Amino acid sequence: MVNATIDVVYRGGLECDQNYMIEGQTMATHDEPNPDLDYEEIPVWSLVIDHPEATILWDTGSHHDALDGHWPEGLAQAFYPHDAHEHRLDDDLEEAGYSLDDIDAVFQTHLHLDHAGGLEFFDGTDVPIYVHEKEIKFAYYSAKTEKGSTAYILEDFDHDLNWEIIHRDREEHFEDLEFVRFPGHTPGLTGTVVHLDDDGTIVFTGDQIYQAPNYEAEAPLGAGLLWGKTEWFDSLQRIKEIERRHDAEVVYGHDTEQFSEIEDGWGQ
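In this report, we go over the structure that sits alongside the text. (Residues numbered from 1 in each chain as written. Predicted model: local features only at pLDDT ≥ 70, side-chain atom pairs only at ≥ 80, totals over all residues. Heavy atoms only, no water.)

Secondary structure assignment for the chain yields seven helices and 11 strands. In terms of overall dimensions, the chain is globule-like: its C-alpha atoms have a radius of gyration of 18 Å, near the 18 Å expected for 268 residues. Dimensions of the chain, computed from C-alpha atoms along their principal axes, come out at roughly 60 × 45 × 35 Å. Per-residue burial over the chain gives 57% buried out of 268 residues. (Helix = DSSP H or I, 4+ residues; strand = E, 2+ residues; numbered from the N terminus. Rg over C-alpha atoms; globule rule 2.2 N^0.38 Å. Buried < 20%, exposed > 50% of the residue type's maximum accessible area, 1.4 Å probe, protein only.)

Another point: the sheet that holds strand 7 (residues 170–174). Spatial strand order, 7-8-9-10-11: five strands in an open sheet with mixed pairing. At either end of the open sheet lies a strand with only one pairing partner, and these are strand 7 and strand 11 (249–251). Within this sheet the neighbouring strands show an average axis-to-axis angle of 20°, counted without direction. In this structure, strand 7 lies alongside strand 8 (residues 177–181), joined through four bridges in antiparallel fashion. Across the sheet, residue Phe174 finds its bridge partner in strand 8, namely Leu177. Contacts between helix 6 (residues 229–246) and the sheet are confined to strand 7, strand 8, strand 9 (190–196), strand 10 (200–204) and strand 11, with strand 10 contributing the most and set at about 170° to the helix. (Pairing = 2+ DSSP bridges. Axes fitted to C-alpha atoms, helices over the stretch in contact; angles between N-to-C directions. Contact = heavy atoms within 4.5 Å.)

Once that is clear, we can look at the nonpolar core. Membership of the largest hydrophobic core comes to 36 residues, with the highest contact counts inside it found for Trp71, Phe79, Phe182, Val203, Ile209, Tyr215 and Ile239. Among the elements of the structure, strand 1 (5–17), strand 2 (39–51), helix 1 (73–78), helix 5 (212–216) and helix 6 are those that each provide at least two residues to this core. Sort the elements by how many residues they give to this core and helix 6 lands first, with four residues. Setting aside chain neighbours within four positions, we find Tyr215 in contact with Ile209, Leu236, Ile239, Lys240, Glu243, Val250 and Tyr252. The next biggest cluster of nonpolar side chains, apart from the first, holds 25 residues, and it includes Phe107, Phe174, Leu196 and Trp266. (Core = buried A, V, L, I, M, F, W, Y, C linked by side-chain atoms within 4.5 Å.)

This part is about the pattern of salt bridges. For the structure on display, the rule yields nine salt bridges. Between Arg88 and Asp90 there is a salt bridge whose closest N-O contact spans 2.9 Å. For Arg88, a relative accessible area of 31% translates into the label partly exposed. Notably, a salt bridge pairs Lys240 with Glu218, separated by 3.0 Å at the nearest N-O pair. Of this pair, Lys240 sits in helix 6 while Glu218 sits in the loop between helix 5 and helix 6; the two residues are 22 residues apart in sequence, bridging distant segments of the chain. Overall, Lys240 belongs to the buried group, its relative accessible area being 14%. What emerges from the salt-bridge pattern is a single network uniting Glu241, Arg244 and Arg245. (Salt bridge = Lys/Arg side-chain N within 4 Å of Asp/Glu carboxyl O.)

Once that is clear, we can look at the sheet that holds strand 4 (residues 105–107). Taken together, six strands build an open sheet; the order of strands is 1-2-3-4-5-6 and the sheet is mixed. In this open sheet, the two strands that pair with only one neighbour each are strand 1 and strand 6 (162–166). Put simply, the sheet's adjacent strands are angled 25° from each other on average, direction ignored. Across five bridges, strand 2 lies against strand 3 (residues 54–58) in antiparallel orientation.

Time to look at a negative patch on the surface. A surface patch of like charges, here negative, comprises Glu53, Glu172, Glu175, Asp197, Asp198, Asp199, Glu249, Glu257 and Glu261. Given a relative accessible area of 45%, Glu53 falls into the partly exposed group. (Patch = residues over 30% accessible without salt bridge, like charges linked within 9 Å, V, L, I, M, F, W, Y side chains within 5 Å. Areas by Shrake-Rupley, 256 points an atom, 1.4 Å probe, with all protein chains shown as cover. Lys, Arg positive; Asp, Glu negative; His and termini not counted. Charge placed at Lys NZ, Arg CZ, Asp CG, Glu CD.)

Attention now moves to the side chain of Asp176. Structurally, Asp176 can be placed in the loop between strand 7 and strand 8. Notably, Asp176 is buried but unbridged: the nearest opposite-charge side chain belongs to Arg170, and the N-O separation is 10 Å. The contact partners of Asp176, leaving out residues within four places of it in the chain, are Met1, Val2, Val193, Val194 and His195.

Written out as structure tokens, the structure reads:
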């Protein structure tokens, strides 16, 4: 167990069809062939883990110019970042009581557009950027070809960054804080398991789990946001095993109701 604090940093919201979050959320029937879609706002957030060995920024959110041309129009329409311009990473960190200079390391769960948009603030610095080998390869493959996933934006991560590559499925670079790969949403998606003195074990799943139904009802992510469905189910079971073994708290990636419960952070 480690004596660390974790701050939750709100990075804006995305408006989207909930069929992206949960497979088959809205389905037509014979008697209702055109049901109303469930169109809602979901939260985007980062963490600042104030660990005895380093102050770690966990994900960097959406780019503040997402609606000013940084995001392609199709992606902006699908995941409308209506308040991105109000959420520069440096400003959001300052509101949480941190500056960019306070950050000793950055951890990227993956490099999709709503998670890697703040990496430009570390361009040309020696701050280590932790990301899984399979993720960075898939991100470049996707951004440079017409294959892979369309949710990567090359300009988010193609910087002069001090990449610290995670190679294995489970690595501990800081005491009682493990980076654990949960493939499914992307091949290199990596969550974090942290064992806190006061709050016990917390599993930050990242976008392996978007919302409670993905976890509780084992409903997959929807609308093409699964790189591998079999891998996703395997990762889901790994998370549930960690929860059982450690009586852990499981934190999802974009769950509005849960976000209201965690926004005060841990160990404060």
